Amino acid sequence: MRSNPKGENMNIYETLNDMQQEAVYHTEGPLLILAGAGSGKTRVLTHRIAYLIEEKGVQPWNILAITFTNKAAQEMRERVDRIVGGDAGSVWVSTFHSTCVRILRRYIDRLGYDNNFTIYDTDDQKTLMKEVCRKMNVDTKLFKERALLAAISHAKDELVTPDEMERNAGGDFKEKRIAEIYREYQDALRRNNALDFDDLIVKTVELFQNCGEVLESYQERFRYIMVDEYQDTNTAQFKFVSLLASKYENLCVVGDDDQSIYKFRGANIGNILGFERVFPQAKVVRLEQNYRSTQNILDAANEVISNNTERKEKRLWTENPEGEKIHFRQFMNGFEEAEYVIGDIAKGRREGKLNYRDCAILYRTNAQSRLFEEKCLLANIPYKIVGGVNFYARREIKDLLSYMKTVDNAADDLAVRRILNVPKRGIGATTITRVQNYADEMQISFYDALCTADKIPSIGRAASKIEGFVTFIQSLKSKAQAYTVEEILEEIIDLTGYVDELKAEDTEESRARIENIDELVSKTVTYQETMAAEGREADLSGFLEEIALIADIDTVDPGQDYVLLMTLHSAKGLEFPYVYMAGMEDGIFPSSMCIFSSDLSDMEEERRLCYVGITRAMKELTLTCAQQRMVRGETQYNRVSRFVREIPRELVEMGHTIREHKPKIPEEASSRNSYMQMRMAFQAKAFQPQNFKVTKAESLDYDVGDTVRHVKFGVGIVKNIVEGGRDYEVTVDFDKAGVKKMFAGFAKLKKI
DNA sequence: CGTAAAACTTTTTTT
DNA sequence: AAGTTTTACG
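Since we're looking at a predicted model, the values are computed, not measured. (Residues numbered from 1 in each chain as written. Chains lettered and ligands numbered in written order. Predicted model: local features only at pLDDT ≥ 70, side-chain atom pairs only at ≥ 80, totals over all residues. Heavy atoms only, no water.)

A few words on the overall build of chain A. When its secondary structure is counted, chain A shows 32 helices and 23 strands. Overall size of chain A, expressed as C-alpha extent along the three principal axes, is 75 × 75 × 60 Å. Relative to its full complement of 752 residues, chain A shows a buried share of 54%. In chain A, 75% of the contacts between residues at least 6 apart in sequence involve partners at least 24 apart. Of the roughly 33,500 Å² of accessible surface on chain A, 49% is carried by carbon and sulfur atoms. Distance from the positive charge centre (103 side chains) to the negative charge centre (119 side chains) of chain A: 3 Å. (Helix = DSSP H or I, 4+ residues; strand = E, 2+ residues; numbered from the N terminus. Buried < 20%, exposed > 50% of the residue type's maximum accessible area, 1.4 Å probe, protein only. Contact = heavy atoms within 4.5 Å. Areas by Shrake-Rupley, 256 points an atom, 1.4 Å probe, with all protein chains shown as cover. Lys, Arg positive; Asp, Glu negative; His and termini not counted. Charge placed at Lys NZ, Arg CZ, Asp CG, Glu CD.)

What follows is the structure, encoded as structure tokens:
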């Protein structure tokens, strides 16, 4: 592209509308782009980067673009690459957290940390907080760990230090105590040479404020800064950006106050509402033409959001056709709701109307995914759940990662303690407590205490076992210099016998765990390949950090054909031709928390979340709800969501509401156990990436007439096999479930 | 010390 | 309902 004549390059900007062009051409000085949903803001950002490089002669490495997710960063980089050619490689496109980690890896030693610090996830934070509470004799009935961490996180979002918190507390005893705990928690993090998520931002700001020359070097480097999803930045992130931009003031922020949905995470909507106050010379561009949705969908979204009072008045418009009405369906319960949604998708697919990847099922809470997952399994529909229990939160993964962390940063007591007795080395709780006490007394790390185990009083027989562990870790550490990340992991797996132990167990569960471990190994390989391609070093710290910062949504592969199941929050920034919003009930969405909240702005945030959901839909939007629903083991009776009632009736098509019958499924089928089994089988398969894409096996190990077993339907006889383009379609007559047609790649039939 | 069973929470949304 | 933590016992 770069070598093309200039005239041709100009054309790419002329495909933008007037407002979009205005945003692209305004390159110097602060710029606020108020971009409504579906108004093409990503296009604007990518074209703006291209314009800077191609027309303004800005060096790519002088540009920083901050996105909300790694996936968005990756997509943006690809798009810029397509416009300007290879040059975009040196544009920094990443999330706040990744950007900060990259800076801290280089300079955090100036704040008294080691440059190979560990990043603590939510689980680690909780473990650490428990320990802090124990040490400080905190009554965890009075101060719950979760609440304490939330309070600390809020403080960090606002750049409030423990000292400041204490000062602000005044005579409030509780607040004072929290400040003390905050201080102790921070000390504990430092002792472990660890940072939590919030620290990544806070410490970078601290670094900038304490080290003028570091800040200056980054100010020089990032002369043009762009921030996406600006409405969801918090005070600390704002500070980070304004420090960086304060020299050249070429700061372009893009956001939509109607899509601000992360207040609970510290997002400060004032950042976007007050941008013009902070930068009086800022230019403001509004993008109000929507290119994504049908007129009906957009009208519904506009009507719902107009019930909010605290917002910048605006009304999106579109030239798109009216489209279908919004579908609304009410059901007896959650089972029927899920059955309908999955059935509707299956029907659309049968009729050739859609691909699975065109569909998304959105809900308010992660727990709601379960019913849809079950129905997908039953209907043989490929799906991916975004969010919920993280891959990296699984026990086997955390165990192995803890080994890697220990090798990387022995000061990380949490990691060391976790693996000390995994696999079983006969080192129990009593011994761990004794070592810990000794370490505390001597003011050394847990690992260092282990190294001198023989000097610890009353440790007795355990000393020799500990010695074995220390020797093992030391040998890993020395190998780590010469080994690749993958080799280190393989070494850990081999020498601990972790997989061997699981193999011996030989249950559905242990097999799934082994699959997960294989997946982790392949992630190390992918990591090494990516780093090699970018010419960067593939070290252990880098791998661990990538894992800590990767969000579930980042792993969604648009090349694969599956239905996406996720929360409304995760859906932000995405779009789908067919969107289902499930659980549209007062008490679920809006959540009961905000219905009963005294703070009216909570309801407004919930409404914005609904607005985000509606505006994800391009062609069709279906809203569903249930009259009764099981929530945490209790049956709830909820009325239809107020948000549904805020949509004008003439935009909605009600369909036949509530099914009268309840076809009882053969009850073996919906038992919990078989669900778990199917899920395991599915997950195991899902981790072999090619399974959805190409899928077709060379041949099947069964034939017509053979007896096979299906995880859910049981034993049956193969009646027919049809070779399709993507996969074999197999017809099986099951003893109990009757005749079923299914895809071989998906059904995982076993010949018996 | 390790396992199994029982009791006790949990309740939004996530980088 | 499901996950986590405590308790009891071998």
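Anyway, onward from the coordinates.
Counting 50 residues, the largest nonpolar core has Leu 401, Met 404, Leu 450, Leu 520 and Phe 543 as the members making the most contacts within it. For this core, the element with the most residues is helix α22 (residues 462-480), which contributes eight residues. The residues contacting Met 404, other than those within four sequence positions of it, are Val 485, Leu 489, Ile 492, Thr 524, Leu 540, Phe 543 and Leu 544. (Core = buried A, V, L, I, M, F, W, Y, C linked by side-chain atoms within 4.5 Å.)

Our focus in this paragraph is the packing of aromatic side chains. Under the defined criterion, the tally for this structure stands at 18 aromatic pairs. Both rings, one in Phe 68 and one in Tyr 262, keep their centres 5.4 Å apart while their planes meet at 40°; by these two values the pair is tilted. Placement of the pair is Phe 68 in the loop between β2 (63-67) and α4 (70-84) and Tyr 262 in the loop between β7 (251-255) and α13 (270-273), with a sequence separation of 194 residues. Owing to a relative accessible area of 24%, Phe 68 belongs among the partly exposed residues under this scheme. The interplanar angle of 70° and the centroid separation of 5.2 Å between the aromatic rings of Phe 589 and Phe 643 together place this pair among those described as edge-to-face. One end of the pair, Phe 589, is in the loop between β15 (576-581) and α27 (592-595); the other, Phe 643, is in helix α29 (residues 642-645), with 54 residues separating them in the sequence. As far as burial versus exposure is concerned, Phe 589 and Phe 643 are alike and both buried. Among the aromatic residues, those joined into a cluster by ring pairs are Trp 92, Phe 96, Tyr 107, Phe 208, Tyr 218, Phe 222 and Phe 240. Here Arg 105 stacks its cationic end above the ring of Phe 117, 4.2 Å away from the centre of that ring. (Phe/Tyr/Trp six-rings, centres within 6.5 Å; stacked < 30°, edge-to-face > 60°. Lys NZ or Arg CZ within 6 Å of the ring centre and 35° of its normal.)

We now examine the packing of helix α3 (residues 41-54) against α4. It is at 9 Å that the axes of α3 and α4 come closest, and there the two elements cross at 45°. One finds that α3 runs oblique with respect to α4. Crossing of α3 against α4: the hand is right-handed. Contact with α3, carried on its side by Thr 42, Arg 43, Leu 45, Thr 46, His 47, Ile 49, Ala 50 and Glu 54, involves Met 76, Arg 79, Val 80, Ile 83 and Val 84 of α4 and no other residues of that element. Residues of the contact of α3 with α4, tallied by class, amount to seven nonpolar, three polar and three charged. (Axes fitted to C-alpha atoms, helices over the stretch in contact; angles between N-to-C directions. Parallel < 35°, antiparallel > 145°, perpendicular 65-115°, else oblique. Left-handed = near helix turned anticlockwise from the far one by under 90°. Nonpolar A, V, L, I, M, F, W, Y, C, P; charged D, E, K, R; others polar.)

Bringing the sheet that holds β7 into the picture now. Ordered by their spatial adjacency, six strands build an open sheet running β3-β2-β6-β7-β1-β8, and the pairing between neighbours is parallel. Of all strands in the sheet, those with a lone pairing partner are β3 (92-95) and β8 (283-287), marking the two edges. Taken over all neighbouring pairs, the strand axes of this sheet differ in orientation by 15° on average, direction set aside. Across three bridges, strand β6 (residues 224-227) lies against β7 in parallel orientation. When the sheet's bridge partners are listed, Met 226 is paired in β7 with Cys 252. Lying over the sheet, helix α2 (residues 18-25) contacts β1 (31-35) and β8, oriented at roughly 145° with respect to β8. Against the sheet, α4 contacts β2 and β3, and its axis sits at roughly 160° relative to β3. (Pairing = 2+ DSSP bridges.)

The next thing to look at is the state of the cysteines. Disulfide: a covalent bond connecting the sulfur atoms of a pair of cysteines. Within this structure, the stated rule accounts for zero disulfides. Distance from the sulfur of Cys 376, which forms no disulfide, to the nearest cysteine sulfur (Cys 359) is 10.0 Å. A relative accessible area of 0% means that Cys 376 is categorised as buried. (Disulfide = S-S within 2.5 Å.)

Here we take up the protein's contact with DNA strand B. Taken together, the neighbourhood of DNA strand B is formed by 24 residues, with Arg 146, Arg 265, Arg 364, Thr 430 and Arg 632 sitting nearest. Within 4 Å of the protein, the atoms of DNA strand B are drawn from sugar and phosphate moieties in a proportion of 59%. Residue Asn 366 places a main-chain N or O atom 3.0 Å away from a phosphate oxygen belonging to DNA strand B. Contact distances for DNA strand B include 2.9 Å between a phosphate oxygen and a side-chain N or O atom of Thr 567. By residue class, the composition of the surface near DNA strand B is six nonpolar, 12 polar and six charged. (Near = heavy atom within 4 Å. Polar contact = N/O pair within 3.5 Å; in protein donor to acceptor, adjacent residues only side chain to side chain.)

Bringing the packing of helix α18 (residues 395-408) against helix α19 (residues 413-420) into the picture now. When two helices pack together, their arrangement is captured by the angle between the axes and the distance separating the axes. Close contact between α18 and α19 brings their axes to 8 Å; oriented N to C, the two are set at 120°. As judged from the angle between their axes, α18 and α19 are oblique. Between α18 and α19 the crossing geometry is left-handed. Note on element contacts: α19 touches α18 through Ala 415, Val 416, Arg 418 and Ile 419, opposite Arg 395, Lys 398, Asp 399, Ser 402, Tyr 403, Lys 405 and Thr 406. Class assignment of the residues belonging to the contact of α18 with α19 gives a composition of four nonpolar, two polar and five charged.

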